[in-house]
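Architecture and fold: a report
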Amino acid sequence: MKTALTIAGTDPSGGAGIQADIKTMTAHGVYAMSAVTALVAQNTTGVQAVSEVSPDFLGQQLDCVFSDIFPDAVKTGMVPSVPLICVTAERLAAYHAKNLVVDPVMVATSGDRLISSDAVDALTERLLPLAAVVTPNIPEAEILSGRTIESYDDMVSAGKDIYQKYGCAVLCKGGHGVHDANDVLINQDGSVTFFLSTRIENPNTHGTGCTLSSAIASNLARGFDLETAVQRAKKYIFGALSAMLDLGRGSGPMDHTFDLTSRFIGEDAL
């Protein structure tokens, strides 16, 4: 069985963070593992508090995983401080981690800031050079590239700038655009691929970034090339949003198990 590791913060309401990552990896048929960077008190209405783990404890979690069940892919989500980013990068480099997907989590769907400003530099200097792909949304791509993004051409230019600076592939996500959810991939050879999607009129988008990056990592773990992994991940997001799950008083979660089949589900189970 293929394996994947998520390094991220928690979401007790289950729609984002490690909880969303584990659901997504399970839905893709890979064995999910996790290393917690922070305990986050949040729900669909916003973030109430963040309690970071110590860098030493995060390092111990990563040692436990890599020394026992080596992951076929890794994704990083919320790594909120410089010391946590540094220990994550150090361990990933030391263990020669494969198929690293970096979701540069900076701001929650609710608008709450999830990473300190000085951590952005550490993320770009330490984590991005190790990544197979980084998956910024438009506001994050603007921060990483130093460009204002108002068009597809801007997305391509920003993606190319990030690719040239840090040497990793870049999936610039267009979900923050006005009319569509088209994404642009600057691949590992510098080529450009557009992924065209119809925007789903669903206000419940909590955890979409976490879910997409985990789906990409899961598909990379299963042996798909990056372009195929992204295409499959976008189809999964489309299905999870199209299920129109409606939970919570704010921007609710998607249905990560919209296509999960199990003999333990249903009235006639077992």
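Residues numbered from 1 in each chain as written. Predicted model: local features only at pLDDT ≥ 70, side-chain atom pairs only at ≥ 80, totals over all residues. Heavy atoms only, no water.

**Let's talk about a nonpolar patch on the surface**
On the surface, a nonpolar cluster with roughly 390 Å² of combined accessible area is contributed by Tyr152, Val192, Phe194 and Leu196. With respect to the secondary-structure elements, phenylalanine 194 resides in strand 9 (residues 192-195). Of the residues examined, phenylalanine 194 reaches a relative accessible area of 41% and is grouped as partly exposed. (Patch = residues over 30% accessible without salt bridge, like charges linked within 9 Å, V, L, I, M, F, W, Y side chains within 5 Å. Areas by Shrake-Rupley, 256 points an atom, 1.4 Å probe, with all protein chains shown as cover. Salt bridge = Lys/Arg side-chain N within 4 Å of Asp/Glu carboxyl O. Helix = DSSP H or I, 4+ residues; strand = E, 2+ residues; numbered from the N terminus. Buried < 20%, exposed > 50% of the residue type's maximum accessible area, 1.4 Å probe, protein only.)

**Thoughts on the pattern of salt bridges**
Scanning the entire structure with this criterion turns up six salt bridges. Two residues, arginine 91 and glutamate 90, come together in a salt bridge whose shortest N-O distance is 2.7 Å. Its salt-bridge partner being aspartate 161, residue arginine 147 comes within 2.4 Å of it at the nearest N-O pair. Of the two residues, arginine 147 is situated in the loop between helix 5 (138-145) and helix 6 (152-166) and aspartate 161 in helix 6; the sequence distance between them amounts to 14 residues. A single salt-bridge network, built from bridges that share partners, covers Asp63, Glu90 and Arg91.

**Considerations on the environment of leucine 144**
Relative to the helices and strands, leucine 144 resides in helix 5. Between the C-alpha atom of leucine 144 and that of valine 120, which follows or precedes it by 24 residues, the distance is 8.3 Å.

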